[in-house]
Amino acid sequence: MPEDDALAAEFALGLLEGGERAAFAKRLREDRALAAKVTYWQAHFAGDGSEIEDLAPPPRVKTKLMQAIAPEGARKKGGWLGLRGLFGGLALAGCVALAVFLMQPPADGFAPQYHADIAAQDETLLLTALYDPEHSLLEVTVDAGAAPTGRVLELWAIVGEAAPVSLGVLNADGPSRLTLTEAMAAGLTTATLAVSEEPPGGSPDAGPSGAVLAAGAVTAL
Amino acid sequence: MTPQQEIEAMIARTALGDRAAFSALYDRTAAKLFSVSMRVLGETAAAEDALQDTFEKIWRQSGRFRAGKYSPMSWLITVARNTAIDRLRQRKGQAAPMEEADWVADPGPGPEEAAIARSEAGRVGACMGELKPEHRQAIQSAYLDGLSYAEISQRQDIPLNTIRTWLRRSLQTLKDCLSR
């Protein structure tokens, strides 16, 4: 068996240790063919679940779980406060700038009426989108985080149950101003905006080809 | 939608922060994943904690899942297995986290390739049956009991290098059988 196939199987089983394991994990982050080999073994060892007998967990597990991920209350407040701790000055400056921005539309006539906070679950990636339906303009700013090395961020609109529609690739350095076609703008005021990481130039597929990193609903300002 | 596509859709909605979809995903899959936790950890309290951990990971990081070659169940089972193994090893005072292996992603294949991969995955039980019993035992004790090469070597009283050589040979046999 080729060495990499053997190492991938050993990694999936948890048999690699110490330096050998660390070296393999490092290669794995950059080598997609190697990642595919690990996935092969993981999928085969796990199976599709049809051979596993059901064993119902007690209802208390779900109760605790749903509390742990609840949007309101202590957890979310903690997250927001934690974020302010990290980005305190920055966030405040952002609010002031946004207020000024809203009061005084810039010379090019961009007058947003909708916005979306696009955030990763763990808040490692945060973006703000402002939408001006009159001018079909969408402005997106990355407030925290970035695309992984060698990748770009692509913005998607998801309207209801429809497939995601690409709105474009975002600039790596500074705000992106996207001019939307009629098809892109359809239903946007009630859409969810999502951001995926993609190869340079954007997804080669109709939908996201990379991981969906962050999402947020469009709301009226 | 096939059951697989339904689960994939639930994972996709979860990635967008949809709690109702996540709740439905739990209802649909928790009994399988709890079974995995129990098989690895062997006692209810630890298995319950591991199951909660598993689903919190799924909630936080479902955006990294991509529908592809394999059943979405195999991915969920892998997360449950890795989470339980990490707890088992912590209990033994070992730290070699499997967690980093949870989200190894696979570039998506064409539909034909996916159909082959999915039917292969269902055959693994039969292919394991072709291995010598002690070799099958070694693979199972690594996968389900989190044993290291050193522990397998002790348990089966066979030198470590020998174990590694024939375990790798067994994996090759397994792969040949799966792709037949």
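Residues numbered from 1 in each chain as written. Chains lettered and ligands numbered in written order. Predicted model: local features only at pLDDT ≥ 70, side-chain atom pairs only at ≥ 80, totals over all residues. Heavy atoms only, no water.

## Side note on the confidence of the model for chain A
All names here are of chain A.
(1) Moving on: Taken residue by residue, chain A gives an average pLDDT of 80. The fraction at 70 or more is 83%.
(2) Moving on: Confidence, read as mean pLDDT per element, is least for helix 5 (residues 74-103) in chain A (42) and greatest for helix 4 (residues 59-68) (94).
(3) Moving on: For residues 73-107, every residue scores under 50 in pLDDT, and the model assigns this stretch 20 contacts once sequence neighbours within four places are set aside. (pLDDT = per-residue confidence, 0-100. Helix = DSSP H or I, 4+ residues; strand = E, 2+ residues; numbered from the N terminus. Contact = heavy atoms within 4.5 Å.)

## A few points about the interface of chain B and chain A
(1) Moving on: On the chain A side, the residues contacting the 66 residues of chain B number 63 residues.
(2) Moving on: Carbon and sulfur atoms supply 60% of the area buried between chain B and chain A, which totals about 5700 Å² over both sides.
(3) Moving on: At the junction of chain B with chain A, the criterion picks out eight salt bridges.
(4) Moving on: If you tally residues by element for the side of chain B that touches chain A, the top one is helix 2 (residues 19-41) of chain B, at 12 residues.
(5) Moving on: In terms of residue class, the side of chain B that touches chain A is built from 34 nonpolar, 14 polar and 18 charged. (Buried area = accessible area lost by both parts, 1.4 Å probe. Salt bridge = Lys/Arg side-chain N within 4 Å of Asp/Glu carboxyl O. Nonpolar A, V, L, I, M, F, W, Y, C, P; charged D, E, K, R; others polar.)

## Observations concerning helix 3 (residues 32-46) of chain A
Residue and element names in this part refer to chain A.
(1) Moving on: When the terminal C-alpha atoms of helix 3 are compared, their 21 Å separation across 15 residues agrees well with the 21 Å that a helix rising 1.5 Å per residue should span.
(2) Moving on: Across the 15 residues that make up helix 3, a large majority, 12, are buried.
(3) Moving on: Along helix 3, the residues classified as buried are Leu 34, Ala 35, Ala 36, Val 38, Thr 39, Tyr 40, Trp 41, Gln 42, Ala 43, His 44, Phe 45 and Ala 46.
(4) Moving on: Near the N-terminus of helix 3, the side chain that reaches the backbone nitrogen of Ala 33, with its oxygen 3.1 Å away, is that of Asp 31. (Expected span 1.5 Å × (residues − 1). Buried < 20%, exposed > 50% of the residue type's maximum accessible area, 1.4 Å probe, protein only. Polar contact = N/O pair within 3.5 Å; in protein donor to acceptor, adjacent residues only side chain to side chain.)

## Concerning the side chain of A:Lys62
(1) Moving on: Relative to the helices and strands, A:Lys62 resides in helix 4.
(2) Moving on: Residues in contact with A:Lys62, not counting those within four places in the same chain, are B:Ser23, B:Tyr26 and B:Asp27.

## Considerations on the state of the cysteines
All names here are of chain B.
(1) Moving on: Using the criterion set out here, one finds one disulfide over all chains in the structure.
(2) Moving on: Here Cys 127 is linked by a disulfide to Cys 177, with a sulfur-sulfur distance of 2.0 Å. Judged by the sign of its S-S torsion, about -75°, the bond between Cys 127 and Cys 177 is left-handed. In this pair, Cys 127 sits in helix 6 (residues 124-128) while Cys 177 sits in helix 9 (residues 160-178), placing the two residues 50 residues apart along the sequence. In this structure, Cys 127 and Cys 177 share a single accessibility class: buried. (Disulfide = S-S within 2.5 Å.)

## Some words on the pattern of salt bridges
(1) Moving on: Across all of its chains, the model carries 19 salt bridges over all chains by this definition.
(2) Moving on: The salt bridge involving A:Glu10 is made with B:Arg164; its shortest N-O contact spans 2.8 Å. Note that A:Glu10 is positioned in helix 1 (residues 3-13) and B:Arg164 in helix 9, a pairing that runs across two chains.
(3) Moving on: Under the relative-accessibility criterion, A:Glu10 is labelled buried at 0%.
(4) Moving on: A salt bridge links B:Arg13 to B:Asp18, with the nearest nitrogen and oxygen atoms 3.6 Å apart.
(5) Moving on: What emerges from the salt-bridge pattern is a single network uniting A:Glu3, A:Glu10, A:Glu20, B:Arg164 and B:Arg168.

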